[in-house]
Each structure stands twice: as structure tokens, then as C-alpha cells.
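Architecture at a glance
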Amino acid sequence: MKTPIPFYLQEILDSVRDKDGGKVADYIPELAAAEPEYLGAALCTTTGHVYSAGDADVEFTMQSLSKPFVYALALQELGLDAVREIVGMEPSGEAFNELSLNRDDHRPVNPMINAGAIAVTQLINGVDSGVEERVERILTYMSRLAGRELEIDESVFGSELDHADRNLSLAHMLRNYDIIKDEAHDAVLTYTKQCSIRVTVKDLAVMSATLANGGRQPVTNDKILDADVCRLTLALMSSAGMYDGAGRWMAEVGIPAKSGVAGGLLGTLPGQLGVATFSPRLNEEGNSVRGVEAFKLLSKDMGLHLMSTEERYGVQPIRHIIDDGDATVIYLQGVLNFNAAETVLHELERYDLSADKVVLELSNVTATNKMGRRMLKEGLRRIRESGFDIELVDPEQELEDLKMSDGTEVPVGDPEDYQIAGEQI
Ligand code: GLN
């Protein structure tokens, strides 16, 4: 069988191809010369499968797509408190290069607008870092996220630096209020370098999937960021990633996203996937015209809206309950999070346990989270408290730590003893 996913992506690209409104960024000659007809898309799942269509191998500069990743790096290096001292977490509702700082504390409102991104960038690699080492640190990190060695487009960089008056004025403003310690020119230089890193949509999809995957690059399996850092970054992308269009974007598309003026657009669905498009013509807000349309279709046709309330999270966690002589065996399956564990406990409360022993069989459980594990263990403890023997069959060690809240351990059983004929473990 050949998977239809690249075909779905191609279909989406074909249906937005005739949306030829907008124009390529023209504030520097290098971007003005971009081929406006390029159109590509890629998707990477948190299991590390990459699919693409169209111009998926064409490189372009990250521009503002670098902002969420560098914000994540700053959080990883310094922690939220330190980063929060210099940049806020509120949507600005303003254009990306607005000359705006908070009225009271003079911090930029969020890290997705230029003022915030410039403030964040100069934190990387320590306040005393030289520009070169800082840029190297960012480039190495971006390369790890992409899973290949990325490069800086020196001609875009040079030209951008020659036209950086507005960003320089932001940096001077930040320095005036003591938000940044770096020289204004150095801060803008680092920021402009990070904007000039060249990527393809495939790179972006994988980088974005790393955020979706709690910081583990799903193709190389490289653990790059903490899950908490990814959560914060995605939260900021969802409220501020699309600048002045952020509210409308969340309602219509519902995929935390970030755009860049070279025509890239990336989206991240936590726990599921990263997706990216490339098409250089931009609308008035600086977002790729076809990219925005493609994301609307991805959300609608592929059901990717984050706020979708369809039943996709309501997978049945109980596979079977079998009374087997002196034991009742409860076979669980899928992902055991709060919702799934609640269903299991709810069923157990209603179930008329008549055997001497209750066995939880986890061979078909694919993943658990902290709350799911805690609830299951507490459920087992309570079953034991009401007079039953308990046993856990957990060949993949999904429950990780077998200690219960009262300090005792859950006894472990052998999967072979509970195998159902015709079912694979
Ligand atoms: N390099 C651009 C700038 O700082 C990036 C802006 C963007 O992609 N929105 O103006």
C-alpha cells in the first residue's frame, strides 16, 4: 500500500495554487527577487514520519519562523522567570515590527514580535557571549532541530542588515529601558543572522514536530528541549504567532502557528504533528497568502483544528474485562491520560468485582502521562484496600515506577498468563 498522505497535501496545494494575490516581501532586494510561484508543503508526525508535496526541497530564509525556536532555547537555557523579566506573554494585536513596549515596565509584549525576539536573542549563550558564539549556538541548535546542518544565507543577511533601521531603533529603545544589555547593533546582528538561516518546508515540519513531541526530535530521536518549554512556546505561538491576525487565526484555523516574511508558515499540533507551507506572496499582515489558505484547508479537510470537539480524544481505554476463575482481568489499550484513566476508574467503580484478584493488563497501552499513571496506581491501591489481591501486567513498563502512594509496590504478573487466544501482545 502507498500512503495517501502526500496526495492529500498535493490536493491542498492544488486548490490554493490560483490564489495569486499579495506580493513578495520587497524591503530588501534579495527577498524581492524570490520566485513568487514556489509552493510546497510538508508534514511530520510525532512518530517521525515525514510527508511532502510541491516545492518541498527549496530553501528559503526562516525570518520570523526563528522566533519561537529561539524563545524555546532561551527558556531552556535560563528558565521562565529570567526570560519573563525581559519579555511578556500577551498577544499584542499589532504588526510584527511595531515600535511597542509595555507602558509600565517597558518590556516587549511577547517574543513573537520583533521587539520581543530581539530582546530574547541576546540572552542566548549567556549575557557575556560574543556575537559569533551566540550565532553559532543558535545555528547548531536549529540544525539539531532540523536533523541536518543548516546554513545562513549571507546575502540575505548582509542586505537585511543594511536595511535594519527599524529593528535598530527597537534595540536602542530596549537598551534605553535596560531591557537588553547587549549593544543595540550586536543584538540586531544576532537577530538578523537567525532570520537568515535557510530551511525547507521539510526542515520546518520536523522542527515543528519536535515542539509537538515534547522536545524530542522525532526523526533523530535527539532530546533537545524540555516538554514544559515546548508547552510554553506553543502557548505563545497560539496567542501571538500570527501577529494582528492571531485571534482570527485561532478561530478559523486553530493550529498554533508562526509565519515568516520569506513565505514560510509553520504550524504545530501538540502531541500530533508539525506542518509547514512555503509560498512567497504575502498579505498585508506579512503572512503567506497561499499558506494561510492551505492551513485553512488542512484544518478543515484533515480535521486538525486544535479546538475541535469531535470525539477523537474519547478512545475507549478498556479493551476487555474478563472474569477468569479467581481473577478479573482488565485489559487496557491506547493512551492513558486523565480522560482515559477516569473512564477506567469509573467503570471499575460500577463493575461488580466478584473474584479474589484484580489484574490490570497493559500490553496494549501505547503511552501514559503522569496523571494517568497516578490515577491507575491509586485505583489499584483502593481495590486492594477493599480486600482484593492486585496484579499488574506491564511488559513495556508504561507505569514506570511501581510504587504506590502508601509506599508499597504493585505486584507484577507475566503477560503470557493472561494472553487471549488470537490476540497479539
Ligand atoms: N527579518 C524580518 C524583520 O525583522 C523578519 C520579520 C518577519 O518574518 N515577520 O523585519
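Note that the coordinates shown come from a computational prediction; the quantities given were computed from them, not determined experimentally.

Observations concerning the pattern of salt bridges
- For the structure on display, the rule yields 28 salt bridges.
- With a closest N to O distance of 2.8 Å, Asp-222 and Arg-144 form a salt bridge. Placement of the pair is Asp-222 in the loop between helix 10 (201-212) and helix 11 (227-240) and Arg-144 in helix 6 (residues 131-146), with a sequence separation of 78 residues.
- By relative accessible area, Asp-222 is classed as partly exposed at 24%.

Details of the site of the ligand
- The full set of residues close to the ligand is Tyr-27, Gln-63, Ser-64, Phe-96, Asn-114, Glu-160, Asn-167, Tyr-191, Cys-195, Tyr-243, Gly-260 and Val-261.
- The side chain of Tyr-27 places a nitrogen or oxygen atom 3.4 Å from a nitrogen atom of the ligand.
- One of the side-chain nitrogen or oxygen atoms of Gln-63 is found 2.6 Å away from a nitrogen atom of the ligand.
- Contact with the protein chains hides 96% of the accessible area of the ligand, taken as 300 Å² for the molecule alone.
- Looking at the shell around the ligand residue by residue, the class counts come to six nonpolar, five polar and one charged.

Section: the nonpolar core
- One finds Met-62, Phe-69, Tyr-141, Met-142, Leu-204 and Met-207 to be the most contacted residues of the largest nonpolar core, which totals 78 residues.
- Examining the composition of this core, we find that eight residues originate from one element, helix 6, more than from any other.
- The residues contacting Leu-204, other than those within four sequence positions of it, are Phe-60, Met-62, Leu-65, Val-199, Leu-266 and Ala-276.
- Leu-9, Leu-39, Trp-249 and Ile-255 belong to the second-largest nonpolar core, a separate cluster that totals 23 residues.

Structural notes on the pairing of strand 1 (residues 40-45)
- Counting buried positions over the six residues of strand 1 gives six, a clear majority of the element.
- Here strand 1 shows two buried faces, one formed by Gly-40, Ala-42 and Cys-44 and the other by Ala-41, Leu-43 and Thr-45.
- Pairing analysis gives five bridges linking strand 1 to strand 2 (residues 50-54), with the strands arranged antiparallel. For Gly-40, the partnering residue across the bridge sits in strand 2 and is Gly-54.
- Where strand 1 folds back onto strand 2 in an antiparallel hairpin, the turn is made up of four residues, including Gly-48, whose phi is positive at roughly 90 degrees.
- Judged from the six bridges that link them, strand 1 and strand 8 (residues 273-278) form a sheet pairing that is antiparallel. The residue bridging Cys-44 from the neighbouring strand is Gly-274, located in strand 8.

Observations concerning the UniProt feature "binding site: substrate" (unreviewed entry) in the protein
- Look at the UniProt record and you will see "binding site: substrate" (unreviewed entry) annotated at Ser-64, Asn-114, Glu-160, Asn-167, Tyr-191, Tyr-243 and Val-261.
- Tracing the backbone shows Ser-64 in the loop between strand 3 (60-61) and helix 3 (66-78).
- Apart from the residues within four sequence positions on either side, Ser-64 is in contact with Asn-114, Tyr-191, Tyr-243, Lys-258, Ser-259 and Gly-260.
- For Tyr-243, the location among the structural elements is in the loop between helix 11 and helix 12 (246-252).
- Apart from the residues within four sequence positions on either side, Tyr-243 is in contact with Ser-64, Lys-67, Gly-93, Glu-94, Phe-96, Met-112, Ile-113, Lys-258, Ser-259, Glu-285 and Asn-287.

Here's the deal with the UniProt feature "domain: STAS" (unreviewed entry) in the protein
- Mapped onto the present numbering, the UniProt feature "domain: STAS" (unreviewed entry) falls at residues 326-402.
- Segment residues 326-402 splits into 38% helix and 35% strand. End C-alpha atoms: 23 Å apart.

So, the sheet that holds strand 11 (residues 357-368)
- Read from one edge of the open sheet, four strands run 9-10-11-12, paired in mixed fashion. Two strands in the sheet have a free side with no partner beyond their single neighbour: strand 9 (318-324) and strand 12 (389-393). Put simply, the sheet's adjacent strands are angled 15 degrees from each other on average, direction ignored.
- The strands touched by helix 14 (residues 338-350) are strand 9 and strand 10 (327-336); relative to strand 10, the strand with the most contacts, the crossing angle is about 160 degrees.

Section: the environment of Leu-376
- Topologically, Leu-376 is positioned in helix 15 (residues 370-385).
- Spatially, the C-alpha atom of Leu-376 lies 9.8 Å from that of Ala-340, the residues being 36 residues apart in sequence.
- Not counting residues within four places of it along the chain, the set of residues in contact with Leu-376 comprises Leu-332, Leu-336, Val-344, Leu-360 and Leu-399.

Quick look at the packing of helix 3 against helix 6
- Look at helix 3 against helix 6: their axes get within 11 Å of each other, and the N-to-C directions meet at 105 degrees. In terms of their interaxial angle, helix 3 and helix 6 are classed as roughly perpendicular. Along the contact surface, helix 3 presents Ser-66, Phe-69, Val-70, Ala-72, Leu-73 and Glu-77, while helix 6 presents Arg-137, Ile-138, Tyr-141, Met-142 and Leu-145.
- Grouping the constituent residues of the contact of helix 3 with helix 6 by class yields eight nonpolar, one polar and two charged.

Here is what the cut-offs are and how they apply
Residues numbered from 1 in each chain as written. Predicted model: local features only at pLDDT ≥ 70, side-chain atom pairs only at ≥ 80, totals over all residues. Heavy atoms only, no water. Salt bridge = Lys/Arg side-chain N within 4 Å of Asp/Glu carboxyl O. Helix = DSSP H or I, 4+ residues; strand = E, 2+ residues; numbered from the N terminus. Buried < 20%, exposed > 50% of the residue type's maximum accessible area, 1.4 Å probe, protein only. Near = heavy atom within 4 Å. Polar contact = N/O pair within 3.5 Å; in protein donor to acceptor, adjacent residues only side chain to side chain. Areas by Shrake-Rupley, 256 points an atom, 1.4 Å probe, with all protein chains shown as cover. Nonpolar A, V, L, I, M, F, W, Y, C, P; charged D, E, K, R; others polar. Core = buried A, V, L, I, M, F, W, Y, C linked by side-chain atoms within 4.5 Å. Contact = heavy atoms within 4.5 Å. Pairing = 2+ DSSP bridges. UniProt positions renumbered as here; feature names shortened; annotations may be inferred. Axes fitted to C-alpha atoms, helices over the stretch in contact; angles between N-to-C directions. Parallel < 35°, antiparallel > 145°, perpendicular 65-115°, else oblique.

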